[in-house]
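Spelled out, the chains give:
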Amino acid sequence: MTAPVITVDGPSGSGKGTVSRLVAERLGWHWLDSGALYRLVALAALRRGTDPADVQALATLARNLDVRFEVDDSGDPVILLDGERVGGELRTEQTGDAASRVAAHQAVRDALLERQRAFCRPPGLVADGRDMGTVVFAQAPLKVFLTASCEERAKRRYKQLKEQGLSANLHALSEELAERDRRDAERRVAPLKPADDAVVVDSTQMDIDAVLEQVLRLARERG
Ligand code: C5P
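By convention here, each chain's residues receive numbers from 1 onward along its written sequence. Note on the predicted model: pLDDT of at least 70 is required for a residue's local features to be given, and 80 or more for side-chain atom pairs to be given and counted; whole-chain, interface and lining totals, by contrast, use all residues. Hydrogens are left out, water is left out, and the side-chain values use all remaining heavy atoms of the structure.

J.: Could you clarify how one ought to interpret the overall build of the chain in this entry?
T.: By the criteria applied, helices consist of DSSP H or I runs no shorter than four residues and strands consist of E runs no shorter than two, each listed in order from the N terminus. Counting secondary structure elements, the chain contains 9 helices and 8 strands. Since a compact globule built from 223 residues should have a radius of gyration of about 17 Å, the 16 Å found for the chain is in line with a globular shape. With respect to the three principal axes, the spread of C-alpha positions in the chain is 50 × 40 × 40 Å. Burial here depends on accessible area, computed with a 1.4 Å probe over protein chains only, as a share of the maximum for the residue type. Under 20% is buried, over 50% is exposed, and the range in between is partly exposed. Taking all 223 residues of the chain together, 47% fall into the buried category. In what follows, a contact means two residues having at least one pair of non-hydrogen atoms within 4.5 Å. Contacts spanning at least 24 positions in sequence make up 75% of the contacts within the chain whose residues lie at least 6 apart. Only the protein chains shown count as covering a residue, and every accessible area follows the Shrake-Rupley method with a 1.4 Å probe. A total of about 11000 Å² of accessible surface is found on the chain, and carbon and sulfur atoms cover 49% of it. Under this rule, positive means Lys or Arg and negative means Asp or Glu; His and the chain ends count for nothing. Charge placement uses NZ in Lys and CZ in Arg. For Asp and Glu, CG and CD serve respectively. The chain carries 32 positive and 35 negative side-chain charges, and their two centres are separated by 2 Å. To get the radius of gyration, use the C-alpha atoms; to get the globule rule, take the number of residues to the power 0.38 and multiply by 2.2 Å.

J.: Help me understand the pattern of salt bridges, please; the structure alone is not making it clear to me.
T.: Two side chains that carry opposite charge are able to pair once their charged atoms sit near each other. Every case where a carboxyl oxygen of Asp or Glu lies within 4 Å of a side-chain nitrogen of Lys or Arg is listed as a salt bridge. Tallying each qualifying case throughout the model produces 21 salt bridges. As a salt-bridge pair, aspartate 128 and lysine 16 come within 4.0 Å of each other at their nearest N and O atoms. Linking aspartate 128 in strand E6 (residues 125-129) with lysine 16 in helix H1 (residues 16-27), this pair joins segments that are 112 residues apart in sequence. By the burial criterion, aspartate 128 is buried, and lysine 16 matches it.

J.: Please explain the side chain of threonine 50 as it appears in this structure.
T.: Take threonine 50: it is sitting in the loop between helix H2 (34-48) and helix H3 (55-63). With near-sequence residues (within four places) excluded, threonine 50 lies in contact with Ala45, Ala57, Leu58 and Leu61.

J.: Would you mind showing me how to read the UniProt feature "binding site: ATP" (unreviewed entry) in the chain here?
T.: UniProt positions are given in the numbering used here, feature names are shortened, and annotations may be inferred rather than shown by experiment. Those places that UniProt annotates as "binding site: ATP" (unreviewed entry) correspond, in this numbering, to Gly10, Pro11, Ser12, Gly13, Ser14, Gly15, Lys16, Gly17 and Thr18. When you line up the elements, proline 11 lands in the loop between strand E1 (5-9) and H1. When residues no more than four places from it in sequence are discounted, the contact partners of threonine 18 are Gln160 and Ile208.

J.: Any chance you could explain the site of the ligand here in plain terms?
T.: A cutoff of 4 Å decides nearness: a residue is near a molecule or strand if any of its heavy atoms lies inside that distance of it. If you check the shell around the ligand, you find 17 residues, and the closest are Arg39, Arg109, Asp131, Arg180 and Asp184. Any pair of N or O atoms that falls within 3.5 Å is considered a polar contact. Within protein, one atom must be able to donate a hydrogen and the other to accept it, and sequence-neighbouring residues count only if both atoms are side-chain atoms. With respect to the ligand, the side chain of arginine 187 contributes an N or O atom lying 2.9 Å from an oxygen atom. Surface burial for the ligand is 98%, taken as the share of its 450 Å² of free accessible area covered by protein chains. Going through the elements one at a time, H2, helix H4 (93-102) and helix H8 (170-186) are the ones with two or more residues in the shell around the ligand. At 4 residues, the largest contribution of residues to the shell around the ligand is made by H2.

J.: What should I look at first to understand the environment of glycine 35 in this one?
T.: Mapped onto the fold, glycine 35 is located in helix H2. Since its relative accessible area comes to 23%, glycine 35 is described here as partly exposed. Through-space distance from the C-alpha of glycine 35 to that of alanine 103 is 9.3 Å; in sequence the pair is 68 residues apart.

J.: What should I look at first to understand the environment of proline 194 in this one?
T.: Relative to the helices and strands, proline 194 is located in the loop between H8 and strand E8 (199-202). Separated by 103 residues in sequence, proline 194 and arginine 91 place their C-alpha atoms 24 Å apart. Residues contacting proline 194, with those up to four places away along its chain left out, are Thr134, Phe145 and Val200.

This is the structure:
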């Protein structure tokens, strides 16, 4: 590793995206939203009509993905796929579900590996996903596994989607999250699980600020 890395893994809706972005901001480090890469592969496959069962075609798509991560004038992250800004479509549960299906293929994961590692640049990287601490940055000095009860995660996701102006149904969302987590945790390759040396943080009863402070404290202790 060319720079220090903090990994934040966990199930959907655990708050890892928000927390890892804020940790990166506070430390002045880079941020990798690895879930976005899997979502982009799923979206690109859908747009191009790629057969979801054709693993080689999906892997080729993943390897050649034309994607740029930028920040707009207000400091918010912007993602460009084939030079075009992708908006709410990337964040829907349908795209999340499709992402979790393409992510189950080893060839797709291999195709994205170096792209993810390239985010590791000085002064440091905060990487969020499912296998950041177990596979992609297995040598990271600080690994956090962020979790929360299924009910709480569904509520958070619901609020997030509503804030983005996307339609959502809490009950359906809760079932979709549970199904996606089951698929992510039971898959053969890079399953969702805490690394042996991860610090498990249960955020069910914590707000974002409390989680942020805990991760920053751990970072100071390990730094
Ligand atoms: O985190 P996010 O909800 O954006 O991730 C979408 C899907 O991408 C997950 O359900 C998971 O299947 C997959 N993923 C993965 N490995 C990662 C990040 C995401 O398999 N490191």
